[in-house]
Amino acid sequence: MFSQIQYGGDYNPDQWDESVWLEDARLMREAGVNLVSLGIFSWAKLEPASGQYDFAWLDRVMDLMHAHGVRVDLATPTASPPPWLVKQSPEILPVTADGVTLWHGARRHYCPNSSVYRAHAARIATRLAEHARAHPALTLWHVDNEYGDHLAECFCERCTAAFRVWLEARYQNLDNLNRAWSTAFWSQHYREWAEIIPPRRAPASVNPTQKLDWQRFCSDSFLACFTEQAKILRELTPNIPVTTNFMHFFKSFDYWKWAAYEDIVSNDHYPDHSDPEWMITAAMACDLMRSLKQGEPWLLMEQAPSAVNWRGRNAPKRPGEMRLGSYQAVARGANGIMFFQWRASQGGDEKFHSGMVPHVGTNSRIWREVKQLGNELRTLDALTSSRVYADVAIVFDWENWWALELESKPSTDLKLVPRVRAFYRELYRRNLAVDFVRPDADLSRYRLALAPHLYLVNDASVENLKRYVAQGGVLLLNFFSGIVDENDRVRLGGYPAPFRDMLGIWVEEFVPLMKEESNSIVTDDEENFACAFWSEVIHIESAEVLARYLDDFVADQPALTRHQFGKGVSYYLGTELEHGGIAWLMDRLCAEAKIQTRAAPRGVELMTRADDTRQWLFALNFSDVETEIPLDGIGIELLENKTVNGQLNLPARGVAVVMVPRT
Ligand code: GAL
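All figures in this text were calculated on a predicted structure; none of them were measured in a lab.

A. Quick look at the sheet that holds strand β23 (residues 614–621). Read from one edge to the other, the open sheet built from 5 strands follows the order β22-β23-β26-β24-β25, with strand pairing classed as antiparallel. Here the strands that pair on one side only, and so sit at the sheet edges, are β22 (604–610) and β25 (642–650). For this sheet the average axis-to-axis angle between neighbouring strands, irrespective of direction, equals 25°. Where strand β24 (residues 627–637) meets β25, 8 bridges bridge the pair, whose relative direction is antiparallel. The residue of β25 that forms the bridge with Thr 627 is Leu 650. Along the sheet, helix α11 (residues 321–331) makes contact with β22, β23 and β26 (655–661), crossing β23 at roughly 150°.

B. Region of interest: the site of the ligand. Neighbouring the ligand are Phe 41, Arg 107, Asn 145, Glu 146, Asp 149, Asp 268, Tyr 270, Glu 302, Trp 310, Phe 340, Glu 350 and His 353. Take Asn 145: an N or O atom from its side chain is 2.8 Å from an oxygen atom of the ligand. Here the ligand loses 95% of its free accessible area of 310 Å² to cover by the protein chains.

C. Main features of helix α10 (residues 278–292). With 15 residues, α10 should reach 21 Å at 1.5 Å per residue; the first-to-last C-alpha distance of 22 Å fits that figure. Counting buried positions along α10 gives 14 out of 15 residues, so the element sits mostly inside the fold. Phi turns positive, to about 50°, at Gln 294, one or two residues after α10.

D. Representation of empty space enclosed by the protein in the model. For the structure shown, the criterion picks out 3 cavities of 30 Å³ or more. Its volume calculated, the largest cavity comes out at about 130 Å³. Together, 15 residues line the largest cavity, and His 269, Pro 271, Ala 282, Gln 303 and Gly 325 are the ones closest to its centre. Listed by contribution, the elements that provide at least two residues to the lining of the largest cavity are α10 and α11. Of the residues in the lining of the largest cavity, the class split is 7 nonpolar, 6 polar and 2 charged.

E. Fine view of helix α14 (residues 416–429). Here α14 spans 20 Å end to end across 14 residues, near enough to the 20 Å set by a 1.5 Å rise per residue. The largest bend in α14 amounts to roughly 30° and is located at Phe 423. Extensive coverage of α14 is indicated by the burial of 12 of its 14 residues. Looking at α14, one finds that the buried residues are Leu 416, Val 417, Arg 419, Val 420, Arg 421, Ala 422, Phe 423, Tyr 424, Arg 425, Glu 426, Leu 427 and Tyr 428. Asn 431, located one to two residues past α14, shows a positive phi value of around 55°.

F. Region of the structure containing the environment of Gln 229. Of note, Gln 229 is situated in helix α8 (residues 208–236). On the accessibility criterion, Gln 229 (3% relative accessible area) is buried. Along the backbone, Gln 229 and Ile 124 are 105 residues apart, and their C-alpha atoms lie at a distance of 9.6 Å. Once residues within four sequence positions are removed from consideration, Gln 229 is found in contact with Thr 76, Thr 78, Ala 121, Ala 125, Val 143 and Tyr 147. Polar side-chain contacts of Gln 229 include one of 2.9 Å to the side chain of Thr 78.

G. Representation of the sheet that holds strand β3 (residues 71–75) within the structure. Pairing is parallel across the open sheet formed by 9 strands, whose spatial order is β5-β4-β3-β2-β1-β9-β8-β7-β6. Of all strands in the sheet, those bounded by a partner on one side alone are β5 (242–243) and β6 (245–246). Here strand β1 (residues 6–11) pairs with strand β9 (residues 334–339) via 4 bridges, running parallel. If you follow Gly 9 over to β9, its bridge partner there is Phe 339.

H. Representation of the nonpolar core in the model. Formed by 191 residues in total, the largest nonpolar core has its most connected members in Leu 74, Leu 292, Tyr 327 and Phe 436. In terms of residues, this core owes the most to one element, α10, which gives 10 residues. Look past the residues within four positions of Phe 436 in its chain and what remains in contact with it is Phe 249, Trp 256, Met 284, Asp 287, Leu 288, Ser 291, Ile 394, Phe 396, Val 420 and Tyr 424. Ranked by size, the runner-up nonpolar core spans 20 residues in total, among them Cys 111, Phe 163, Phe 217 and Cys 218.

I. Structural context of the side chain of Glu 369. Relative to the elements of secondary structure, Glu 369 occurs in helix α12 (residues 365–377). Separated by 3.5 Å, the side chain of Glu 369 and the backbone nitrogen of Gly 320 make a polar contact. Apart from residues lying up to four places away in sequence, Glu 369 is in contact with Pro 319, Gly 320 and Met 322.

J. Spatial organisation of the pattern of salt bridges. Per the stated rule, a full pass over the model turns up 50 salt bridges. A salt bridge links Arg 107 to Asp 149, with the shortest nitrogen-to-oxygen separation between them at 3.7 Å. Of this pair, Arg 107 sits in the loop between α4 (83–88) and α5 (115–132) while Asp 149 sits in the loop between β4 (138–142) and α6 (157–171), and the two are 42 residues apart along the sequence. For Arg 107, a relative accessible area of 24% puts it in the partly exposed group. The class of Asp 149 is buried, set by a relative accessible area of 16%. A salt bridge links Glu 426 to Arg 429; the shortest N-O distance between them is 3.7 Å. Within this pair, Glu 426 and its partner Arg 429 are both found in helix α14, separated by 3 residues, close to a single helical turn.

K. Spatial organisation of the packing of helix α1 (residues 21–30) against helix α3 (residues 56–67). The contact between α1 and α3 brings their axes to 9 Å, and the two run at 30°. Viewed along their axes, α1 and α3 adopt a mutual orientation that is roughly parallel. Note on packing geometry: the crossing formed by α1 with α3 is right-handed. Here α1 contributes Trp 21, Leu 22, Ala 25, Met 28 and Arg 29 to the contact with α3, which in turn contributes Trp 57, Arg 60, Val 61, Leu 64, Met 65 and Ala 67. Taken together, the residues of the contact of α1 with α3 sort by class into 9 nonpolar, no polar and 2 charged.

L. Quick peek at the environment of Val 462. With respect to the helices and strands, Val 462 occurs in helix α15 (residues 459–470). When the C-alpha atoms of Val 462 and Ser 205 are compared, they prove to be 29 Å apart, with 257 residues separating the residues in sequence. If near-sequence neighbours (up to four positions away) are discounted, Val 462 is found in contact with Val 457, Arg 491, Pro 498 and Phe 499.

M. Quick look at the packing of α10 against α14. Direction vectors running N to C along α10 and α14 enclose 100°, while the axes themselves pass 10 Å from each other. In this view, α10 runs roughly perpendicular relative to α14, as classed from their interaxial angle. Listed contacts from α14 to Met 279, Ile 280, Thr 281, Ala 283, Met 284 and Asp 287 of α10 are Val 417, Val 420, Arg 421, Tyr 424, Arg 425 and Tyr 428. Along the lines of polarity and charge, the residues of the contact of α10 with α14 split into 8 nonpolar, 1 polar and 3 charged.

Cut-offs and rules
Residues numbered from 1 in each chain as written. Predicted model: local features only at pLDDT ≥ 70, side-chain atom pairs only at ≥ 80, totals over all residues. Heavy atoms only, no water. Pairing = 2+ DSSP bridges. Helix = DSSP H or I, 4+ residues; strand = E, 2+ residues; numbered from the N terminus. Axes fitted to C-alpha atoms, helices over the stretch in contact; angles between N-to-C directions. Contact = heavy atoms within 4.5 Å. Near = heavy atom within 4 Å. Polar contact = N/O pair within 3.5 Å; in protein donor to acceptor, adjacent residues only side chain to side chain. Areas by Shrake-Rupley, 256 points an atom, 1.4 Å probe, with all protein chains shown as cover. Expected span 1.5 Å × (residues − 1). Buried < 20%, exposed > 50% of the residue type's maximum accessible area, 1.4 Å probe, protein only. 1 Å grid on protein atoms, 1.4 Å probe; cavity = no way out; pocket = protein on both sides within 12 Å on 5 of 7 lines; lining within 4 Å. Points joined across faces, edges and corners; volume = space filled by probe spheres on them. Nonpolar A, V, L, I, M, F, W, Y, C, P; charged D, E, K, R; others polar. Bend = angle between axes of the 7 residues up to and from the residue. Core = buried A, V, L, I, M, F, W, Y, C linked by side-chain atoms within 4.5 Å. Salt bridge = Lys/Arg side-chain N within 4 Å of Asp/Glu carboxyl O. Parallel < 35°, antiparallel > 145°, perpendicular 65-115°, else oblique. Left-handed = near helix turned anticlockwise from the far one by under 90°.

The following block contains the structure:
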């Protein structure tokens, strides 16, 4: 889609006097900026009163951008309805589970199922597209902003009615719904659609399947807001791609479903740089974004040039960290590096959020780093047609995430993403590219698949995972997987019932551990590892035991098993291992799957992008010490434009991008 690496950020010229704009354009050119996201929160300025439009200022900005070689990612401004619209139609406001109305004065104050809001949003999107369609700077559509941020559900009467319609489409009749929702429990049987309400505040936990369907419905409701606008934009400007900016592991919306409606995936990510492992969190987000459209290039739409303003204490990015994080995204498939925002605001809630042009102006570290990066990226345009290739997949599913984290479980501390991250961390440390995949995706090109805590799994996905193993794949499942169907109803017959034959085991009983409790395991090669959080009573049918518990009433019983199934092998882990144990297991899995891991000095990340003839090795030194990396043969280091032979020297917090012919 883009033959250049995109570089820029959110540009909010409407917050500034026009006298600043020319300086902005000049500085953008100086920093190598070639794309800005414009007008994201400009509704009140574009439509100052109902039906009265002012596009003149926008034209002046777009002309200026064009004259300076900067293209425009034009936003529909629908993330923040103007005060006049709320005054005119207060019914657009969202309502919480407690029945409280949320007002304007911030942003994102709209109900996704308000037909009034939707009509106004469609209208402003239409007028904007009609107006800007012929502008030569128009390059990309940015629909709304971070759908679901601050507000991902609304419990008003319109949403209640829409929920009933959505349920009727899913279940056709109430018998089906009553069965799926297990309404025989607690006298919840429904006789009329009109009896059904959203999971509003209730005396005790609301029916879990009702909540699960509510999450599906809320994701679909906001998705409809997006697709409605995307359709308008595609009709008016068929050649301009459409995106909406995601928030990586954002729980509320099923991004697998959403990404299908985007022309390019874009992501906003603000890892906490006070966390020494921020780069692992960031890498995992990048890999998810690349995976949402099966490896197609994506855009890092927003990151902070340095600190954010919305944590309790806001750590700046230390010198070099912004550059490292940016190259990490490129290494993991991004074809664009953008920021929030171009110029740090003078007023408003985000005035202490860093900007590419800080309050102090260009005599600043942040500006120098921004400028350096933008100019460096110009040398990497050739890699826009390349991709990242992964041998390892992690099965990740939003519906499972929702169901797993509903209340009333053996342990409500079982949160999916931190536990996925614990496995991901070991893959990261082995410099392995990881794709995230849906449970029903074709896995045949992966040597190894991990499916952490796949609690909810439908029949098609069960068959898919079994097929993968039967045809030669290596698959790890762990505790509390294969437990319920898509309606959150337990699959009977010994957990994890649908995978019993594949795993060669069955689980009789869960033994979750309390916070202060732990256990340990001994492996078949006589290693000992601590484990915590969970254990269970596993019975062997035809699997071999790779590790056993040492303590508690599960002592001597299996904790980790391996089973040949068809041409492949499945593993089952019944507990949570400390890092050392996961590392041991990952070595085992990689050996089983014949995966070549790549060793690198501590703190160094290696990642490769490739096209048909060339490959680009990214070496990122997140550590504070200079280091050397052995290289196979000769390549060209692109950032310093020099030949490297056999070895690469990386300064502390340094980056290298080495291009070599593909063998
Ligand atoms: C994002 C949002 C931006 C800005 C930024 C600050 O979530 O899209 O508009 O608020 O956060 O970090």
